[in-house]
Amino acid sequence: MAKSSIASIDWLTVLLFTLLVLFGWLNIYSASYGDEFASWTDFSKVYIKQGYWIALSLLLIIITQAIEAKFYERFASVIYVFSIASLIGLFIFGKTISGATSWYNLGFMSIQPSEFAKAATALALAKFLSDMQTNIRHLNHQLKAFLIIALPALIIIPQPDPGSALVYSAFLFPLYREGLAATYLIIGASAALLFVLTLLFGPIWVVVGLAVAMFIFLLKNRKRKPKYSRYLLVLLVVTGFCFSVNYIFNNVFEQRHRDRFNIVLGKEVDAKGIGYNTNQSQIAIGSGGWTGKGWKEGTQTKGGFVPEQHTDYIFSTVGEEWGFLGATAVILLFIFLLARLLFMAERQKSTFSRIYGYSVVGILFVHFAVNVGMVTGLLPTVGIPLPFFSYGGSGLWGFTLLLFIFIKLDANRVNEW
């Protein structure tokens, strides 16, 4: 007899989700609070709208748990195709907000389909990789997996919304877990490092430095008779890449992206222009000290010095009003949630559920790491919200669906054979 789904739900994960959502709402309230509490029908207040979106997310949770677990695997491809169609439709019916045509205007609210496309892509990738005919070690299957991941990202980029597209790098987590060669990760990390080093020191110095390092390495290992042609080929490829960096940076990146990279790399200081948000965010976080100024007592928050403080920069409110201890508590909550999800993913009996679980972990980790890095000035500003925390109905619902589909799959593992 099947065990009760409710009894099988991982309530620790539900608790961590609840704590993040509620604490996020408290900070949204503080960041947008006026002189007095508004009526619950005053939709001009973002904390009122967020409260309704949180309430409606409970309905989404009920729906995800009421649907049979096998539905998500059976209809993964259909959900993915519908998601792709919704992204393409933005170029015809989309609404432009803050320079990005990423929204559908429904009259009473706007919906951002890219927030739901992450869960759809996770389902499609899990469906493909769990197929008995799929072997991720084969090149043709790798290309198909990369296509599933890249298609929504390539549609999102020209909206333009590079931040949302960046999140699709998170799917390297499940691919690597399922047997993708580490070579891809090494090549990707090396390319990113070379890109940054070239921007800092120029292509000539980077190539010379690499050539010297290779020469020393080969000199020390000459008794092993290394294949010099292989190292020469690597050096030629790296040289070509390094000398193309400036062209890519100046002709592919937009000016605002170039400015943000330059600020993070210390090549230019623009505290009043493109770097204003990050600079004010760092001031707000630093002013919080160890214990913070107190809820609703943040002077930077109340003064409106940090733009978008209730959305992408919500973590600066945490740092100012709750201090180092509060910011650490939020980070620990996310770490505990990610660790719990990893544990849940590994205990799955179904390959589909395991891959989907790793996709959830990857997506949440990228959002969390990039957002906190952006707010603290460690990474360029790319407009990625903090999961369950930042203001926005589409973001909250997208993350809620992503998480609770996995909770449903995990609850059903007792029925898997």
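Everything here concerns the structure above.
First things first, this report covers the structure right here in the doc. Along every chain, residues carry numbers that run from 1 in the direction the sequence is written. pLDDT decides what is reported in this predicted model: residues at 70 or higher carry local features, side-chain atom pairs at 80 or more are listed and counted, and totals for whole chains, interfaces and linings draw on all residues regardless. With hydrogens and water excluded, all non-hydrogen atoms of the structure serve as input to the side-chain values.

### Details of the overall build of the chain
Here is step 1: Helical segments are the DSSP runs of H or I of at least four residues, strand segments are the runs of E of at least two, and each set is numbered from the N terminus. In terms of helices and strands, the chain carries 18 helices and three strands.
Here is step 2: Working definition: with a 1.4 Å probe on protein chains only, accessible area under 20% of the residue-type maximum means buried, over 50% means exposed, and in between means partly exposed. Relative to its full complement of 417 residues, the chain shows a buried share of 48%.
Here is step 3: Looking at the chain alone, contacts between residues at least 24 apart form 70% of all its contacts between residues at least 6 apart. Here, residues are in contact when the closest pair of their heavy atoms is within 4.5 Å.

### Side note on helix α3 (residues 46-66)
Here is step 1: With 21 residues, α3 ought to run about 30 Å at 1.5 Å a step, and its terminal C-alpha atoms sit 30 Å apart, in line with that.
Here is step 2: For α3, the complete set of buried residues consists of Val46, Tyr47, Ile48, Gln50, Trp53, Ile54, Ser57, Ile61, Thr64 and Gln65.
Here is step 3: Close packing links the buried residues of α3 with α2 (11-32), α4 (69-74) and α18 (393-411). The span expected for a helix works out to 1.5 Å for each residue beyond the first.

### Re the packing of aromatic side chains
Here is step 1: We call Phe, Tyr and Trp rings a pair once their centres come within 6.5 Å, taking the six-membered ring for Trp, and we label the pair stacked below 30 degrees between planes, edge-to-face above 60, and tilted otherwise. Evaluation of the coordinates by the stated rule reveals 16 aromatic pairs.
Here is step 2: With centroids separated by 4.7 Å and ring planes inclined at 70°, the aromatic side chains of Tyr29 and Tyr47 adopt a geometry described as edge-to-face. Taken together, the residues Tyr29 in helix α2 and Tyr47 in helix α3 connect sequence positions 18 residues apart. Take Tyr29 and Tyr47: they sit in the same class, and that class is buried.
Here is step 3: Plain terms: the ring middles of Tyr356 and Phe406 are 6.4 Å apart, the flat faces sit at 50° to each other, and that makes the pair tilted. Taken together, the residues Tyr356 in helix α17 (residues 351-375) and Phe406 in helix α18 connect sequence positions 50 residues apart.
Here is step 4: Phe406 gets classed as buried once you look at its relative accessible area, which sits at 0%.
Here is step 5: In textbook terms, an aromatic cluster arises when at least three aromatic residues are bridged by ring pairs, as seen for Phe23, Trp322, Phe334, Phe368 and Phe389.

### Remarks on the sheet that holds strand β3 (residues 110-111)
Here is step 1: Spatially, three strands are ordered β1-β2-β3 in an open sheet, and the strand pairing comes out antiparallel. A strand with exactly one partner marks an edge of an open sheet, and here the two such strands are β1 (95-97) and β3.
Here is step 2: Bridge analysis of β1 against strand β2 (residues 100-105) gives three bridges, and the strand direction is antiparallel. Looking at β2, one finds that Thr96 is bridged to Thr101. Any two strands with at least two DSSP-identified bridges between them are counted as paired.

### Things to note about the pairing of β2
Here is step 1: The hairpin formed by β1 and β2 contains two residues between the paired strands, and Ser98 there has a positive phi angle of roughly 55°.
Here is step 2: Pairing geometry for β2 and β3, over two bridges, is antiparallel. Within the sheet, the bridge partner assigned to Tyr104 lies in β3 and is Ile111.
Here is step 3: Between the antiparallel neighbours β2 and β3 lie four residues, among them Gly107 with a positive phi of about 95°.

### Points about the environment of Glu178
Here is step 1: The residue Glu178 is located in the loop between α9 (172-177) and α10 (182-201) in this model.
Here is step 2: The exposure class assigned to Glu178 is buried, which follows from its relative accessible area of 18%.
Here is step 3: Remark: the alpha-carbon pair of Glu178 and Arg137, spanning 41 residues in sequence, is separated by 9.0 Å.

### With respect to the packing of α17 against α18
Here is step 1: Helix axes use the C-alpha atoms of the stretch in contact, all axes being lines fitted to C-alpha atoms, and the angles between their N-to-C directions lie in the range 0 to 180 degrees. Interaxial distance between α17 and α18 falls to 10 Å at its minimum, and their mutual angle equals 150°. Our classification of the angle between α17 and α18 gives roughly antiparallel. Between α17 and α18 lies a crossing of left-handed hand. Of the residues in α18, those touching α17 at Phe352, Ser353, Tyr356, Gly357, Val360, Ile363, Leu364 and His367 are Phe399, Leu401, Leu402, Ile405, Phe406 and Leu409.
Here is step 2: In this classification, the charged set is Asp, Glu, Lys and Arg, the nonpolar set is Ala, Val, Leu, Ile, Met, Phe, Trp, Tyr, Cys and Pro, and all remaining amino acids, among them Gly, are polar. In terms of residue class, the contact of α17 with α18 is made up of 11 nonpolar, three polar and no charged. Any angle between 65 and 115 degrees counts as roughly perpendicular, while under 35 counts as roughly parallel, over 145 as roughly antiparallel, and the rest as oblique. Left-handed describes a crossing whose near helix is turned anticlockwise from the far helix through less than a right angle; right-handed describes the clockwise counterpart.

### Here's the deal with a nonpolar patch on the surface
Here is step 1: Where nonpolar side chains cluster on the molecular surface, the patch consists of Ile204, Val208, Val212, Phe215, Ile216, Leu219 and Phe243 and spans about 670 Å² of accessible area.
Here is step 2: A total of six residues in the nonpolar patch trace back to one element, the largest contributor, which is helix α11 (residues 203-220).
Here is step 3: With respect to the helices and strands, the residue Phe243 is situated in helix α12 (residues 228-251). To count toward a patch, a residue needs a relative accessible area over 30% and no salt bridge; like charges are then connected within 9 Å, while nonpolar side chains (Val, Leu, Ile, Met, Phe, Trp, Tyr) are connected within 5 Å. Surface exposure here means Shrake-Rupley accessible area, sampled with a 1.4 Å probe, where a residue is shielded only by the protein chains that are shown. Criterion for a salt bridge: a side-chain nitrogen of Lys or Arg within 4 Å of a carboxyl oxygen of Asp or Glu.

### What to know about the side chain of Thr134
Here is step 1: Within the element layout of this structure, Thr134 appears in the loop between α6 (114-130) and α7 (139-156).
Here is step 2: We call two N or O atoms a polar contact when they sit within 3.5 Å, provided that within protein one can donate a hydrogen and the other can accept it, with sequence-adjacent residues counted only if both atoms are side-chain atoms. In this structure the side chain of Thr134 is engaged in a polar contact, spanning 2.7 Å, whose partner is the backbone oxygen of Phe128.
Here is step 3: Residues within four places of Thr134 in sequence aside, it is in contact with Phe128, Leu129 and His141.

### Some points on the nonpolar core
Here is step 1: Membership of the largest hydrophobic core comes to 92 residues, with the highest contact counts inside it found for Leu341, Tyr356, Leu364, Phe388 and Phe389.
Here is step 2: Looking at this core, the element that brings in the most residues is α17, giving 14 residues.
Here is step 3: The contacts of Leu341, once residues within four sequence positions are left out, are Thr13, Val360, Val361, Leu364, Leu403 and Phe406. We define a nonpolar core as any set of buried Ala, Val, Leu, Ile, Met, Phe, Trp, Tyr and Cys residues linked to one another through side-chain atoms lying within 4.5 Å.

### Thoughts on unusual backbone geometry
Here is step 1: At Phe388, a residue that is not glycine, the phi angle is positive and equals roughly 65°.
Here is step 2: Examined against the element boundaries, Phe388 turns out to sit in the loop between α17 and α18.
Here is step 3: The class for Phe388 is buried, based on a relative accessible area of 3%.

### Let's talk about the side chain of Glu178
Here is step 1: Side chain to side chain, Glu178 and Arg354 meet in a polar contact 2.9 Å long.
Here is step 2: If we ignore the near neighbours within four places in the chain, the residues touching Glu178 are Leu129, Ile136, Arg137, Thr351, Arg354 and Ile355.

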